[in-house]
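Structural overview
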Amino acid sequence: MQDGSELLIGARDWEHPAWCGDFYPDDLPEDWRLTYYANEFMSVLLPADRWIDAREEAVEEWCDSVHDRFSFFLELPGGEGAVEDLPVSLKAVAGVMGDLLKGVLWPPAASEQGLEACRAVLPGITFYRGSTRADLPEGVSAFRCLDGAEDASADLLLLEPGACSDLRKLRALLEWFDAGRYQGCAGGLFVAGDAPVVERIREIVTLSQLLGIA
C-alpha cells in the first residue's frame, strides 16, 4: 500500500440473521454484536436504510460500541428522491460519528444536485462516487474518491456474493486494486449480500496483510 492511505476492510452492515450462531455466538446479546464485529474487523459500510432514519441515541450507541480506530462508511440512496432532506440527515449522523466517519458512498444513479448538496454540508468528509470499470470481475463494483482523484481511479470496492470466489482471483483483484488507487484517501473493500461470508472477509484481510496493502 502506498504512503498516506489505508485500506479498510469489512462487511456491508453488521446485522445479518445468518450470522447468529455462526459468526455471533448464540448467547451474545443483540446490543453487543457491533462490539463483537469491531473486535475482528476495522470498518463497516452502512446501507442508507440503516442510518437515515436512525435516532441520535442509536447512532451514539453504535459509536460507543467500537474502539477509536474503527470506522464507518455511509452509503447514500440512489435515484432522485430525498435531495432536500438527505443533507440534513447526513449532517446529523456525521455530527454524532465525528472522526469515526471515514467516508460516504454515492451511487452511480444519484443526482449531481444531491451530491453537491451533501458535500457542501460535510466539507471535511471524503465522498466516493460509483464508477463504471470494464476491467472489473463480475460482481465487483468500484467507487472513486472525489478529493482530487483521477477519473480512472478505483478507491473503494464492493463485492457481491460469489465475486472472486477463489484465492487466486481474490489476490489478483487486490493487486489490481492497490495499483489503481488514488493515494490521498482511505481505500475500502466491503463484502455485501444478505449474509456476507465472514470467511471471505477474513481471507481478504489476511491476503491484504501478506501483500503489504493493509
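Residues numbered from 1 in each chain as written. Predicted model: local features only at pLDDT ≥ 70, side-chain atom pairs only at ≥ 80, totals over all residues. Heavy atoms only, no water.

The next subject is the environment of Gly-78. Mapped onto the elements of the fold, Gly-78 is located in the loop between strand 3 (71–75) and helix 4 (86–97). On the basis of relative accessible area, Gly-78 is assigned to the partly exposed category, the value being 44%. Taking C-alpha positions, Gly-78 is 10 Å from Gly-130, a pair spaced 52 residues apart along the chain. (Helix = DSSP H or I, 4+ residues; strand = E, 2+ residues; numbered from the N terminus. Buried < 20%, exposed > 50% of the residue type's maximum accessible area, 1.4 Å probe, protein only.)

With that settled, the discussion passes to the sheet that holds strand 3. A barrel is described by the order of its strands in space; here eight strands give the closed sequence 1-2-3-4-5-6-7-8, paired in mixed fashion. Put simply, the sheet's adjacent strands are angled 25° from each other on average, direction ignored. By the bridge criterion, five bridges tie strand 1 (residues 7–12) to strand 8 (residues 187–191) in an arrangement that is parallel. What sits directly across from Gly-10, in strand 8, is Phe-190. (Pairing = 2+ DSSP bridges. Axes fitted to C-alpha atoms, helices over the stretch in contact; angles between N-to-C directions.)

As a further point, take the nonpolar core. Counting 58 residues, the largest nonpolar core has Tyr-37, Trp-51, Phe-72, Met-97 and Phe-127 as its most contacted members. A total of five residues in this core trace back to one element, the largest contributor, which is helix 4. Once residues within four sequence positions are removed from consideration, Phe-72 is found in contact with Trp-14, Leu-34, Val-44, Leu-46, Trp-62, Cys-63, Val-66, Met-97, Leu-100, Leu-101, Lys-102 and Gly-103. If you look at the next biggest cluster of nonpolar residues, it comprises 13 residues, including Leu-8, Cys-145, Cys-185 and Ala-192. (Core = buried A, V, L, I, M, F, W, Y, C linked by side-chain atoms within 4.5 Å. Contact = heavy atoms within 4.5 Å.)

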